[in-house]
Amino acid sequence: MPKPLPIADDPELNESIRGPLGRERNGDALPDMLIGGRALVGRFLIALRKFPNVQLHRNTPLEELVVEDGVVVGAIVSNGEERRAIRARKGVVLAAGGFDQNDEMRSKYGVPGAARDSMGPWSNLGKAHQAGIAVGSDVDLMGEAWWSPGLTHPDGRSAFALCFTAGIFVDQDGKRFTNEYAPYDRLGREVIDRMESGDMTLPFWMIYDDSRGPVPPVGATNVPFSATEEYVEKGLWKTADTLTGLAEQIGVPAEALEATVARFNELVVKGVDEDFGRGDEPYDLAFTGGGSALVPIEKARSTLHSSVSPTSAPRVD
Ligand SMILES: Cc1cc2nc3c(=O)[nH]c(=O)nc-3n(C[C@H](O)[C@H](O)[C@H](O)COP(=O)(O)OP(=O)(O)OC[C@H]3O[C@@H](n4cnc5c(N)ncnc54)[C@H](O)[C@@H]3O)c2cc1C
C-alpha cells in the first residue's frame, strides 16, 4: 500500500497521472492527495528523477517489436507525430495492461461484455499483445479477466459495486441466484457462467428498501454516486410501494419476486441463509460492521427500490 502523497509537495504530478475514476467519469475535482495506485505511480516518477540516464516518454505507445535473427532487439514507439525505434541491449518488457478497452479484440477472444464497462485505463488497447503476437509469441487465457458485479451509472457505463450491506440480487425470473456478499470475482464469474449456460440474462436487479435512504446499500463504488434523480431519470433506479409494483417496473414476475423476498426475510429470522450461504464465510461479514449478513427487506417501514446491476463486463441494451 503506497504511502499517500500530498499534491502540494509536487503539484505537477496531479496533472500528469491518470485521475481517479470520479474525475474521469464524473468530472470531479482532482483530490489534493495522491492515494493508492496514483501514489504508487507518483512516487515512481519522483524516484526516476534520481536517475539521469532514464528517459521517460509519456503518451508514446509501443507499436511494434523489432526482431533480428529471431531475437527481439528493440521496439518501435510513436507519439502520434513520429515513430522512433528504441534499441534494447537486454530485452523489452511488455507491461501494457490488458485489452479491456478494445472491443474488437474482446470479441475475437470471447471476452464477455463491452469496453465501455471496463474501468481499466482507456489506453489498454492490447497493442502490446498484438505486437507480441505479430512476432510469434504464444498467448493464453485471453478470454479471462477479474470480474465483479457492476452498478450502472447515469453515463450509461458500469463500475465496481462492492461491500453490500443489505438487499438481494434477483434475476429476470425474480429469483435470488447467489450469495450477494461473496467475493466480487466469484460473483462476476457466477453471473458469466449462468449467462453462458442460458440460465440468466442481464441486467440483474438489486432489491432493497429505503430504510437507509434511496441510495443502494453499496459500501464501495469506484465511480462515486451521482445525484439520485439522475439514476431515476435514466430508469436505472426504480421505486414502488409494493413488490408487485416494483416487479412490474423491472419486468420480472410479481409472484416470484414476492416469494423471493418472503423467503429471504424468513431466512433473516432464522439467521441462516439456507439457500446461498450468505454470511457463512469471513469475507461475507467484512462489511457488515459486526452485524449479521442478513438484513430484512421490509415494506412496512419503507419504500422498495431496485437498482440495475450488470457485472462490470457483460451487459445488454
Ligand atoms: C477500479 C479498479 C480497482 C482496483 N482495485 C484494486 C485493489 O484494490 N487492489 C488490487 O490489488 N488491484 C486492484 N485493481 C487491479 C489492479 O489495478 C490491476 O491489476 C493492475 O493495475 C494491473 O497492472 P498492470 O501494470 O499490469 O496494468 P495497468 O495498471 O493497466 O497499466 C498498463 C499501462 O500500460 C499502458 N499502455 C497500454 N498500451 C501501451 C502501449 N502500447 N505502449 C505503452 N504503454 C501502454 C497503459 O496506458 C497503462 O498505463 C483494480 C483495478 C481497477 C480497474
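As the structure is a prediction and not an experimental result, all values here were calculated from the model. Here the residue numbering is sequential within each chain, running from 1 through the sequence in written order. Only residues with pLDDT of 70 or above have their local features reported here, since the model is predicted, and side-chain atom pairs are shown and tallied only from 80 upward, although totals for entire chains, interfaces and linings are computed over all residues. Each side-chain value is worked out from all heavy atoms of the structure, with water and hydrogens disregarded.

(A) Examining the site of the ligand more closely. One heavy atom within 4 Å of a molecule or strand is enough for the residue carrying it to be called near that molecule or strand. Taken together, 13 residues lie near the ligand, and Pro61, Leu62, Ala96, Ser123 and Asn124 sit nearest. In the environment of the ligand, a nitrogen atom lies 2.8 Å from a nitrogen or oxygen atom belonging to the backbone of Leu62. Contact distances for the ligand include 2.8 Å between an oxygen atom and a side-chain N or O atom of Asn124. Per-residue and other accessible areas follow the Shrake-Rupley method at a 1.4 Å probe size, with only the shown protein chains counted as cover for residues. Burial of the ligand by the surrounding chains reaches 44%, relative to a free accessible area of 1,000 Å². Amino acids are sorted into nonpolar (Ala, Val, Leu, Ile, Met, Phe, Trp, Tyr, Cys and Pro), charged (Asp, Glu, Lys and Arg) and polar (every other residue, Gly among them). In terms of residue class, the shell around the ligand is built from 8 nonpolar, 4 polar and 1 charged. Nitrogen and oxygen atoms within 3.5 Å of one another constitute a polar contact, given that in protein one can donate a hydrogen and the other can accept it, and given that sequence-neighbouring residues count only through two side-chain atoms.

(B) Summary view of the nonpolar core. Ranked by size, the top nonpolar core spans 39 residues in total, and within it Phe164, Ile168, Phe169, Phe204, Ile207 and Leu257 carry the most contacts. Those elements that provide at least two residues to this core are β7 (158–164), β8 (168–170), α6 (184–196), β9 (205–209), β11 (237–240), α8 (243–250), α9 (254–270) and β12 (304–308). When checking whether two residues touch, look at their non-hydrogen atoms; a contact exists if any pair is within 4.5 Å. In this view, Phe169 contacts Phe164, Lys175, Arg176, Phe177, Thr178, Glu180, Leu187, Phe204, Trp205 and Met206; residues no more than four positions away in its chain are not counted. What we call a nonpolar core is a set of buried Ala, Val, Leu, Ile, Met, Phe, Trp, Tyr and Cys residues that are connected through their side-chain atoms within 4.5 Å. For the exposure calls, accessible area comes from a 1.4 Å probe over protein chains only, and a residue counts as buried if that area is under 20% of its type's maximum, exposed if over 50%, partly exposed in between. Judged by nonpolar contacts, the second largest core, of 8 residues, contains Leu5, Ile7, Leu13 and Ala39. In DSSP terms, a helix is any run of H or I states spanning at least four residues, a strand is any run of E spanning at least two, and both are numbered starting from the N terminus.

(C) Focus on the pattern of salt bridges. One side-chain nitrogen of Lys or Arg within 4 Å of one carboxyl oxygen of Asp or Glu is enough to make a salt bridge. According to the stated counting rule, one finds 18 salt bridges in the structure shown. The residue Glu144 makes a salt bridge to Arg189 at a minimum N-O spacing of 2.6 Å. With Glu144 in the loop between α5 (127–134) and β6 (150–152) and Arg189 in helix α6, the pair connects residues that are 45 residues apart, well separated along the chain. Judged by relative accessible area, which is 27%, Arg189 ranks as partly exposed. Measuring nitrogen to oxygen at the nearest pair gives 3.5 Å for the salt bridge that ties Asp171 to Arg194. One end of the pair, Asp171, is in the loop between β8 and α6; the other, Arg194, is in helix α6, and 23 residues separate them in sequence. On the basis of relative accessible area, Asp171 is assigned to the buried category, the value being 3%. Residues joined in a network through salt bridges with shared partners are Arg263, Glu266, Lys270, Glu274 and Asp275.

So, to be careful, I would describe these as geometric facts and stop short of saying anything about function.
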